[in-house]
Amino acid sequence: MRKMIEGSRAVAEAVGLCRPGVISAYPITPQTHIVEELSQLVADGDIEAEYVRVESEHSAASVCLGAVAGGVRAYSATTSQGLMLMAEVLYNIAGMRLPLVITGVNRAMSAPLSIWNDQQDTLALRDSGWLQLYAENSQEVLDMHIQAYKISEDDRVLLPALVCMDGFILTHTYETVDMPTQEEVDAFLPPYNPLYELDPKDPYTLGAFAGPEMYQEMRYEIQRDALAAKAVVKEVAKDFQAAFGRWMGDVVEPYQCDDAETIYVAMGSVVGTLKDWADIRRERGGKIGVLKLRCYRPFPQDELREALSGAKRVVVLEKAVSVGAYGILSAEIRAALYGQPNTPPVHAAVTGLGGRDVTFEILDEMQERAQAGEMDFFAGLREELLEAS
Amino acid sequence: MPATKEFTYELERGFLPGHRACAGCGQATAVRLVMEVAGPNVVVTNATGCLEVFSTPHPESAWGVPWVHSLFENASAVAAGLEAALKHKGKLDEIRVLAFGGDGATLDIGFGPLSGVLERGHDVAYFCMDNEAYMNTGVQRSGSTPFGAATTTSPAGRRSFGEDRPKKDLPAIAAAHGIPYVATASMSIVADLRRKTKKALDTRGPKYVQIHVPCPPGWGYDEKDTVDIGRMAVDCGLYPLVEWENGEVVRVRKIKPIPVEEYLKPQRRFRHLFRSDAGKEQIAKIQELAQANIEKYGLAD
């Protein structure tokens with residue numbers, strides 16, 4: 001059914017359609033609307049779930065861990081400082097091979113304190129073993145949650161998934177979405193059927209420690225299966241298209257990339273801005289394409305090589321910075337393209353930090369500076385605010 | 001085949017022999033006693049610590065019941081997740097959720113999560129194994145380390161008599177949550193521990209049981225003396241055995257008080273107190289702490 005709703009409401013309804021048995025979360029802006037909507041859905045009996053109102057994000061993740069270990073589908077949502085507080089548990093969940101979906105609302109990291117959007121928080125967890133999917137708009141984030149459970153619970157994967165959506169830009173914006181019916185989602189996503197669960201009828205030990213003689217093999221298996229999960233992400237995107245008739249890309253989504261001289265790479269809502277801007281630049285003769293990176297973990301190295309190798313130039317729009325190095329995404333894309341034939345230069349343009357709007361003016365600036373050969377730079381800086389160094 | 005019968009019995013017991021605990025470990029005995037009472041229809045969460053490490057070096061496990069270890073501070077929250085899962089599946093009437101944590105995991109790093117679990121009313125029985133320091137990492141001071149005890153981070157020295165603060169009173173804090181049942185127990189007083197475990201598992205809602213478990217390497221006494229040391233802690237008044245229901249004290253275990261010196265003297269962690277007159281003043285302060293317990297709970301009445 002098509003309806004005009006807030007992004008957070010879209011996520012809450014989509015999560016409800018996935019029938020989680022346990023929901024646990026701690027309120028933090030701008031994740032709050034999601035968990036408020038879910039609380040209401042539970043209070044009204046529209047979702048048959050236990051909602052555990054914990055005292056911290058650390059405990060929210062821990063409650064989800066326990067619930068999945070007990071054989072029940074679970075859900076949480078958080079952002080920024082909350083995600084960092086969860087981080088210890090998130091590594092643990094991945095290592096224990098427990099399938100789980102958490103919405104990672106993207107927000108800047110303190111200090112200075114900022115409740116506004118960038119992607120520093122979820123990128124800090126890139127090495128944790130969690131799959132990471134980034135959504136461009138409300139429809140995509142809605143669909144992505146349904147897909148994420150299917151990917152995460154697949155026996156070939158058994159790794160948790162973080163569905164990332166830009167704070168405020170997506171969580172607090174009203175858009176028209178096509179909300180699937182319960183019957184449609186039930187047909188696509190069967191009830192959670194765990195390989196293992198903590199049951200007195202068939203006891204097992206979960207979370208034993210490993211010595212140097214076997215730790216490395218367990219970590220290798222996580223790495224092996226995370227890489228193999230890329231095929232499952234693609235498969236589920238196709239299955240989803242067949243069931244719901246919607247396609248927004250699988251691991252990447254190219255937009256006007258075929259003849260593009262300059263390809264912009266980005267994740268999340270800024271991709272929409274980039275597409276509009278690219279259209280305008282094309283009217284003026286600039287051959288600009290946009291590559292949406294939809295699946296950041298597993299990292300789609302082959303697909304990025306294929307999509308980018310023909311371009312003259314690649315500009316990576318970074319909504320985060322690896323302080324003391326530079327771009328996070330661009331470093332990985334440079335590594336992916338290294339040694340390939342016809343490797344384009346890959347520019348890292350950091351912008352949109354702490355909720356700074358990414359305007360067409362900033363994108364124009366990026367284009368000029370990249371064309372002028374600048375490799376790593378902040379775009380849209382207010383020079384007048386900088387202290388003398 | 002007798003071997004098969006034996007094996008079945010052990011499985012039913014929940015916590016199996018063959019683990020790697022130190023000789024004379026009070027905690028290992030306490031856990032075995034709790035699990036004997038708890039029976040097979042349980043799921044167990046375990047904080048990081050001695051118990052977790054000595055019972056589950058992968059691929060070995062000493063647990064005959066479903067068991068999960070996640071992290072140091074979240075055994076209570078993981079237990080809450082399991083409880084919620086069982087509730088969702090409609091199995092909470094047949095399966096009990098138990099959590100085990102040491103005093104560091106419980107009083108210090110896991111204090112917030114534990115308080116959350118107690119406050120929210122989860123049907124979880126939390127057992128704190130109190131050996132009064134971070135034993136797994138090498139006897140560092142915790143919030144449960146008693147006044148006067150030397151640890152590796154609260155050592156006795158020219159300007160120090162060891163730990164300078166009394167134990168954090170977590171049982172009273174747990175009781176202040178108004179939960180149905182809180183108890184202190186000792187691994188040395190077996191019938192009492194069994195009864196309190198049964199009471200905890202027969203009660204619905206959050207339960208907190210703190211069990212005093214002497215530790216030979218951490219406290220520095222002869223391994224064969226674990227039971228005696230534990231008993232003396234109770235008998236001198238330093239470890240009062242108390243039960244609370246809904247926030248009120250309902251029962252205490254009476255004692256005929258012995259001087260605290262009898263309990264302190266055999267332990268290396270207190271030996272610096274016996275070496276000077278100033279140390280004896282510290283012992284007098286410890287006697288005052290015991291006396292305060294005796295009066296507060298009417299232990300000797």
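Cut-offs used in this document
Residues numbered from 1 in each chain as written. Chains lettered and ligands numbered in written order. Predicted model: local features only at pLDDT ≥ 70, side-chain atom pairs only at ≥ 80, totals over all residues. Domains from an automatic or database assignment. Contact = placed C-beta atoms within 7 Å. Helix = DSSP H or I, 4+ residues; strand = E, 2+ residues; numbered from the N terminus. Nonpolar A, V, L, I, M, F, W, Y, C, P; charged D, E, K, R; others polar. Pairing = 2+ DSSP bridges. Buried ≥ 20, exposed ≤ 12 C-beta atoms within 10 Å, placed from the backbone. Core = buried A, V, L, I, M, F, W, Y, C linked by C-beta atoms within 7 Å.

A. Here's a closer look at the domain arrangement of chain A. Residues and elements named next belong to chain A. When its domains are assigned, chain A resolves into domain 1 (2-244) and domain 2 (252-385). Centre-to-centre, using C-alpha coordinates, domain 1 lies 27 Å away from domain 2. Facing 27 residues of domain 1, the contacting portion of domain 2 comprises 20 residues. Listed by contribution, the elements that provide at least two residues to the side of domain 1 that touches domain 2 are helix 5 (120-123), strand 6 (131-134), strand 7 (161-166) and helix 8 (215-244). Here the side of domain 1 that touches domain 2 takes five residues from helix 8, the largest share from any one element. A per-class count over the side of domain 1 that touches domain 2 returns 15 nonpolar, seven polar and five charged.

B. Summary view of the interface of chain B and chain A. In this complex, chain B contributes 36 residues to the contact, which on the side of chain A involves 37 residues. Among the secondary structure elements, those contributing two or more residues to the side of chain B that touches chain A are strand 1 (42-46), strand 2 (67-69), helix 4 (75-89) and helix 6 (111-120) of chain B. No other element matches the 12 residues that helix 4 of chain B contributes to the side of chain B that touches chain A. Along the lines of polarity and charge, the residues of the side of chain B that touches chain A split into 21 nonpolar, 13 polar and two charged. Where strand 9 (residues 205-206) of chain A lies against strand 2 of chain B, two bridges are found, and the strand directions are parallel. Looking at strand 2 of chain B, one finds that L206(A) is bridged to V68(B).

C. How the structure looks around the environment of V11(A). All names here are of chain A. Structurally, the position occupied by V11 is in helix 1 (residues 7-17). Residue class for V11 comes out buried when judged on the 31 C-beta atoms lying within 10 Å of it. For the pair V11 and L189, spaced 178 residues apart in the sequence, the C-alpha separation amounts to 16 Å. Aside from chain neighbours lying at most four places away, what touches V11 is I34, T103, V141, L142 and H145.

D. Expanded view of the nonpolar core. Of all hydrophobic cores here, the largest spans 216 residues; its most connected members are V22(A), V163(A) and F127(B). For this core, the element with the highest residue contribution is helix 4 of chain B, accounting for nine residues. Here this core spans two domains, and each of domain 1 (2-244) and domain 2 (252-385) of chain A adds at least three residues to it. Once residues lying within four places of it in the same chain are set aside, the contact partners of V163(A) are V101(A), T103(A), G104(A), L133(A), A135(A), V141(A), M144(A), H145(A) and A148(A).

E. A look at the pairing of strand 4 (residues 124-130) of chain B. All names here are of chain B. For strand 4, the buried fraction is high: seven of the seven residues fall into the buried class. The two faces of strand 4 match: V124, Y126, C128 and D130 on one face and A125, F127 and M129 on the other face are all buried. In this structure, strand 3 (residues 96-102) lies alongside strand 4, joined through six bridges in parallel fashion. When the bridges of strand 4 are listed, G102 appears paired with M129. Pairing analysis gives six bridges linking strand 4 to strand 8 (residues 207-212), with the strands arranged parallel. Looking at the pairing, A125 lines up with K207 of strand 8.

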